[in-house]
Amino acid sequence: MPQPTPETHVIDFRAAEQLLAARDPRGAVKLLDSVITAHPENTAARLLRARAFFGAAQLRSAELEFQLVLEREPDNAFAHFALARTLERANRPEEATRHFRLAAALDPRPDFVEAARFGERGARGDRGTQGE
C-alpha cells in the first residue's frame, strides 16, 4: 500500500466533505482520521470531523473535537454554534445556551441570534428570580 502524501490528504479531506454532504458521516470520519493523524494541527480537518461525528450521533466525540477547535480558535462562531447544537442534542441546555450566545456575539447571523434566545429567562439557565 503506498504511503499517503500531502496531496492524498487533500483528496481525502475533499472526499470527506462530499461524504458528509451526501449524508455519510461515518465514511467522512474514516477518511479524516488519517488526515488528522498526519496533520493534527489542521483545524479545518478537525472541524469537519466534529461535524461528521455530530452527523453520526457520536456526540461525545463531536463535543471533544469542537472543544479542541475552540481551544485553537476561541473566536470561531461556527464552532461555538455547532458545539451548542451538540450539547443541546445531549440534553445539556444550560451549557448549550452559553455557546449559542457566544456564537451570536461573535457573528450576529440571524440563525445564531435566534438560537441564542437572549430574551428568554429561567428554563434555559439564565439569571432571574423565581415567581416573575
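See above for the structure.
Calculation rules
Residues numbered from 1 in each chain as written. Predicted model: local features only at pLDDT ≥ 70, side-chain atom pairs only at ≥ 80, totals over all residues. Heavy atoms only, no water. Phe/Tyr/Trp six-rings, centres within 6.5 Å; stacked < 30°, edge-to-face > 60°. Lys NZ or Arg CZ within 6 Å of the ring centre and 35° of its normal. Helix = DSSP H or I, 4+ residues; strand = E, 2+ residues; numbered from the N terminus. Expected span 1.5 Å × (residues − 1). Buried < 20%, exposed > 50% of the residue type's maximum accessible area, 1.4 Å probe, protein only. Contact = heavy atoms within 4.5 Å. Polar contact = N/O pair within 3.5 Å; in protein donor to acceptor, adjacent residues only side chain to side chain. Core = buried A, V, L, I, M, F, W, Y, C linked by side-chain atoms within 4.5 Å.

Considering the packing of aromatic side chains
Tallied over the entire structure, the rule returns 2 aromatic pairs. Connected via pairs of aromatic rings, a cluster forms that spans Phe81, Phe100 and Phe112. We note Arg89 situated over the ring of Phe54; from NZ or CZ to the ring centre the distance is 4.7 Å.

Remarks on helix 3 (residues 43–55)
The periodicity of an α-helix, 3.6 residues per turn, causes residues three or four positions apart to be oriented the same way. Here helix 3 spans 18 Å end to end across 13 residues, near enough to the 18 Å set by a 1.5 Å rise per residue. For helix 3, every residue scored as buried is listed here: Thr43, Ala45, Arg46, Leu47, Leu48, Arg49, Ala50, Ala52 and Phe53. Summarising the contacts, the buried residues of helix 3 are in contact with helix 1 (6–21), helix 2 (25–38), helix 4 (59–72) and helix 5 (77–89). Put simply, Asn42 is the residue that caps the front of helix 3, since its side-chain oxygen is 3.1 Å from the backbone nitrogen of Ala44. Where helix 3 ends, the next residue or the one after it, Ala57, has phi of about 60°, a positive value.

So, the nonpolar core
The biggest cluster of nonpolar side chains holds 32 residues, and the ones touching the most others in it are Leu32, Ala45, Leu48, Phe66, Phe81, Phe100 and Phe112. By residue number, the principal contributor to this core is helix 5, which donates 7 residues. With sequence-adjacent residues up to four places away left out, Phe112 is seen in contact with Ala77, Phe78, Phe81, Phe100, Ala103, Ala104 and Asp107.

As for the side chain of Thr86
Of note, Thr86 is situated in helix 5. Among the polar contacts listed, one links the side chain of Thr86 to the backbone oxygen of Ala82, at a separation of 2.9 Å. Every residue in contact with Thr86, bar those within four places of it in the chain, is listed here: Phe54, Leu59, Ala62, Glu63 and Phe66.

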